[in-house]
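Spelled out from the first residue to the last, the chains are:
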Amino acid sequence: ESAVLRAPLIAATDTDGRFQFSGLAAGRYRVKGEKPGFVAAVADPRRAFEPSPEFDVTTNGRSVQALPMQPAGAIEGRILSDSGDPAVNMVVSAVRLGYDATGRKVAAVRQVRTDDRGRYRVHTLPPGEYLVDAAPDPLAAMSTGPTPTVLARNYFPGTARLEEARAVPIVVRQNVTDIDFALTRVPVISIRG
């Protein structure tokens, strides 16, 4: 990836994990590796979402870059409605807390949907701490027509308040299970203007 390129270049690795891009113009580039079930290896989990460092390619030059990868983690569990039934087709997100000029914010890292039993598995997560939230698909909720109550967005262990959410720590190759919680029902109103 580079300001020199109009679109990213893609190369597959060989059986020894080697890759090559030929004929690159001189400039600054970044290389990112992707493999299902793996994430970039970083010494500090807080840096897992930073872009890879840039490197220079000179005219007729050559650059060798290593892309260490490590097995990713996953979070799985079950989402229930307030009546204890499976919450089907809910959007479940692994989110991380961050800060910007306006204060604390959450950013979704990966999202999946619950199945017909309310089960979910959010995978390919770098090591770190994540909040897990679940909510109805907003577009689907709008298409069902007016209803007096809907299931609300909740965070694990079953709270609508971000400050009461409990973080789920993930280490390399860890599959955290039984992150189950229920969604609460809230009243809704319609406003037209």
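Residues numbered from 1 in each chain as written. Predicted model: local features only at pLDDT ≥ 70, side-chain atom pairs only at ≥ 80, totals over all residues. Heavy atoms only, no water.

Participant: Explain the packing of aromatic side chains here, please?
Facilitator: Here a ring pair, both rings aromatic, is described through the centre-centre distance and the interplanar angle of the planes. Across all of its chains, the model carries 3 aromatic pairs by this definition. Relative to Phe55, the ring of Tyr29 lies with its centre 6.4 Å away and its plane at 35°, an arrangement referred to as tilted. Pair noted here: Tyr29 is in strand E1 (residues 27-29) and Phe55 is in strand E3 (residues 55-57), with a separation of 26 residues, a long-range link. By relative accessible area, Phe55 is classed as buried at 12%. (Phe/Tyr/Trp six-rings, centres within 6.5 Å; stacked < 30°, edge-to-face > 60°. Helix = DSSP H or I, 4+ residues; strand = E, 2+ residues; numbered from the N terminus. Buried < 20%, exposed > 50% of the residue type's maximum accessible area, 1.4 Å probe, protein only.)

Participant: Help me understand the nonpolar core in this model?
Facilitator: Note on soluble globular proteins: their nonpolar side chains tend to be buried together. If you look at the biggest cluster of nonpolar residues, it comprises 22 residues, and the most contacted ones within it are Ile75, Ile79, Val92, Tyr120, Val132 and Ile179. Beyond its immediate chain neighbours, meaning those up to four positions away, Ile79 contacts Asp85, Pro86, Ala87, Val92, Thr114, Gly118, Tyr120, Ala134, Phe181 and Leu183. (Core = buried A, V, L, I, M, F, W, Y, C linked by side-chain atoms within 4.5 Å. Contact = heavy atoms within 4.5 Å.)

Participant: What's the story with the side chain of Ser93 in this structure? I'm lost.
Facilitator: With respect to the element layout, Ser93 can be found in strand E6 (residues 91-100). Within the structure, the side chain of Ser93 is placed 2.9 Å from the side chain of Gln111, a separation counted as a polar contact. With sequence-adjacent residues up to four places away left out, Ser93 is seen in contact with Ala108, Arg110, Gln111, Leu131, Val132 and Asp133. (Polar contact = N/O pair within 3.5 Å; in protein donor to acceptor, adjacent residues only side chain to side chain.)

Participant: Help me understand the pairing of strand E5 (residues 73-80) in this model?
Facilitator: For a regular strand, the rule is simple: side chains alternate between the two faces of the sheet. Within E5, 6 of the 8 residues are buried, which leaves the element mostly enclosed by the surrounding structure. The pairing of E5 with strand E8 (residues 119-125) spans 5 bridges and is antiparallel. For Gly77, the partnering residue across the bridge sits in E8 and is Tyr120. Where E5 meets strand E13 (residues 175-176), 2 bridges bridge the pair, whose relative direction is parallel. If you follow Ala74 over to E13, its bridge partner there is Asn175. Bridge count for E5 against strand E14 (residues 181-182) is 2 bridges, and the pairing is parallel. By the bridge assignment for E14, Ile79 is matched with Phe181. (Pairing = 2+ DSSP bridges.)

Participant: Sorry if this is basic, but what is going on with the pairing of strand E9 (residues 128-135) here?
Facilitator: Among the 8 residues of E9, 7 are classified as buried, and the element is accordingly described as predominantly covered. The pairing of E6 with E9 spans 5 bridges and is antiparallel. Residue pairing across strands places Val92 opposite Ala134, the latter belonging to E9. In this structure, E9 lies alongside strand E12 (residues 168-170), joined through 3 bridges in antiparallel fashion. By the bridge assignment, Glu129 is partnered in E12 with Pro169. Inspection of the sheet shows E9 paired to strand E11 (residues 154-155) by 2 bridges, in the antiparallel sense. Counterpart to Ala134 in the pairing with E11 is Asn154.

Participant: What's the story with the environment of Asp133 in this structure? I'm lost.
Facilitator: Assignment of secondary structure puts Asp133 in strand E9. Given a relative accessible area of 4%, Asp133 falls into the buried group. Residues Asp133 and Gln111, 22 residues apart in the sequence, show an inter-C-alpha distance of 9.5 Å. Other than its neighbours up to four places away in sequence, Asp133 contacts Val91, Val92, Ser93, Val95, Arg153, Asn154, Tyr155 and Phe181. A polar contact is formed between the side chain of Asp133 and the side chain of Arg153, at a distance of 2.9 Å.

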